[in-house]
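An overview of the molecular structure
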Amino acid sequence: MFAKIAVAAALALVTPAALPSAPAAHSSGYQGLAATPPMGWNDWSYYQCGINEKLILDQGRALVRSGLAAKGYNTVTTDDCWMTKDRDASGNLVSDPQKFPDGMAYVGRQLHAMGLKFGIYEDAGTQTCGGYAGSWQHYDADARLFAKWGVDYLKLDGCNVPSVPGQSDEETYRQAYAGMSRALRDSGRRIVFSESAPAYFQGTSDWYTVLGWVARYGNLWREGTDIALGQESGAAKWRSLLGNYDYNAPLEKYAGPGHWNDPDFLLVGDRGLTADESQTQMTLWAEMAAPLISSTDLTRLSAQALAILGNRDIIAVDQDRLGVQATRVVHTDTHDVLTRPLANGDRAVVFLNRGDTPLAISAPASALGFGNAQHLYGKDLVTKRTSRYGGSVTVQVRPHATVMLRLHAS
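Residues numbered from 1 in each chain as written. Predicted model: local features only at pLDDT ≥ 70, side-chain atom pairs only at ≥ 80, totals over all residues. Heavy atoms only, no water.

Attention now goes to the packing of helix α3 (residues 53-66) against helix α4 (residues 104-113). Across the interface, α3 lies against α4 with an axial gap of 10 Å and an inter-helix angle of 15°. Relative to α4, the element α3 is oriented roughly parallel. For α3 against α4, the interelement crossing comes out right-handed. From α3, Glu53, Ile56, Leu57 and Gly60 reach across to α4, where they touch Tyr106, Val107, Gln110 and Leu111. Here the contact of α3 with α4 is built from residues that sort into five nonpolar, two polar and one charged. (Axes fitted to C-alpha atoms, helices over the stretch in contact; angles between N-to-C directions. Helix = DSSP H or I, 4+ residues; strand = E, 2+ residues; numbered from the N terminus. Parallel < 35°, antiparallel > 145°, perpendicular 65-115°, else oblique. Left-handed = near helix turned anticlockwise from the far one by under 90°. Contact = heavy atoms within 4.5 Å. Nonpolar A, V, L, I, M, F, W, Y, C, P; charged D, E, K, R; others polar.)

The subject of this paragraph is the packing of aromatic side chains. One pass over the structure, following the stated rule, counts 11 aromatic pairs. Between Tyr46 and Tyr47, the ring centres sit 4.8 Å apart and the planes meet at 70°, which makes this aromatic pair edge-to-face. Looking at Tyr46, the relative accessible area reads 28%, which means it is partly exposed. Geometrically, the ring pair formed by Tyr173 and Phe201 is edge-to-face, given 5.1 Å between the ring centres and 85° between the ring planes. Taken as a pair, Tyr173 in helix α6 (residues 169-186) and Phe201 in the loop between β6 (192-195) and α7 (207-213) lie far apart in primary sequence, 28 residues in all. Classification of Phe201 as buried rests on a relative accessible area of 5%. Put simply, the rings of Tyr30, Tyr173, Tyr177, Phe193, Tyr200 and Phe201 touch in pairs and so form one group of aromatic residues. Lys85 extends its terminal NZ or CZ atom over the ring of Tyr132, reaching a point 4.1 Å from the ring centre. (Phe/Tyr/Trp six-rings, centres within 6.5 Å; stacked < 30°, edge-to-face > 60°. Buried < 20%, exposed > 50% of the residue type's maximum accessible area, 1.4 Å probe, protein only. Lys NZ or Arg CZ within 6 Å of the ring centre and 35° of its normal.)

What follows deals with the nonpolar core. By size, the foremost hydrophobic cluster in this structure holds 102 residues, and its most contacted members are Tyr73, Trp82 and Trp285. Looking at this core element by element, the count peaks at six residues for α6. Membership of the second largest hydrophobic core comes to 21 residues, among which are Val349, Phe370, Ala401 and Val403. (Core = buried A, V, L, I, M, F, W, Y, C linked by side-chain atoms within 4.5 Å.)

In this numbering, the UniProt entry assigns the feature "domain: Alpha galactosidase C-terminal" (unreviewed entry) to residues 333-407. A distance of 25 Å separates the end C-alpha atoms of residues 333-407, which is 0% helix and 55% strand. (UniProt positions renumbered as here; feature names shortened; annotations may be inferred.)

Compared with the 18 Å implied by 1.5 Å per residue over 13 residues, the 18 Å span of helix α9 (residues 275-287) between its first and last C-alpha is a close match. Among the 13 residues that make up α9, 11 are buried, leaving the element largely enclosed by the rest of the structure. Buried residues of α9: Glu277, Ser278, Gln279, Thr280, Gln281, Met282, Thr283, Leu284, Trp285, Ala286 and Glu287, and no others. The positive-phi residue at the C-terminal boundary of α9 is Ala289, with phi of around 55°. (Expected span 1.5 Å × (residues − 1).)

Our focus in this paragraph is the environment of Gln98. Relative to the helices and strands, Gln98 resides in the loop between β3 (75-78) and α4. What makes Gln98 exposed here is its relative accessible area of 71%.

And the structure:
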């Protein structure tokens, strides 16, 4: 049985004026890159430091073979632990010769030959989170090296950033990320820049300060806690993806074309998650205009997981050129409702069942951004069914599941 949920009281605090409308203009973003949220694959959540050249290239081939690359998942990023602990005699980063015997430029050439983009990881501090050589005081040299290697995307973490006398931590991080940003611009190659600075201030009074400046220097940013690792339990993964959604959902004002909030990797395809839970993450991330970056073993992806990741209708919402992150108009212990304007005048609306029992969730057209409309027409982006609604929308939602509708007034 689905328990009936009336959301009118919860919606009373939200006025139509509070919903996002098409802005007059958006910033073009850092270097004019990432007009839509980046998509691709990263090794970290599933493999951590257990990576090598063959594994990275095999995942790239899997992106192409599966058809995901053709749907936009076009960047393969090698995360931490690809380098040696120390720099060479000239002060340059060196790839681990055991893990990457042919070097990182070779990895980039191979990925480019597949029609993919090449992403790489570094850290703004003296060491990476894994204890390898960091970029502190080497931003210019590292940016030039990355450009030489054909890097298209840099993820810059924030472990081991030292304290600087006379500066607050926030000021030091700002200088560090501004330094790498300038170095990338000066490198002669257009490189999408992913910043992790906000994640190191989550829970502090400086969090919003950092969120206020990251768009000046990069294209996307991790704002908080990492998503669960591949070896964790399904229950831990569900809690993690819900937690990351919760810290990301209220930050819509910081997102737009060229500058995106990043609640971390997609776990779709990992063991432990149900199909509904995997679909929920994909749906929520798309509704929030988040980067769609998978971190699982793509060579063993099930048909079900492939269908979730490859859903063209949901990808189209994520990649909508208007670039507006959804507004969460209902948020309770049991359920949420989000609405997002799209470039053609439609709205993407998501109903989330956070709990362990089925729910029937209703929301009036006015709360969803349709004013006094008495007739709505919509398509369920998972089942592909179309429906007509009156002045409100009611959907049945399974536990830990979502319903995503693309709606317009008729």
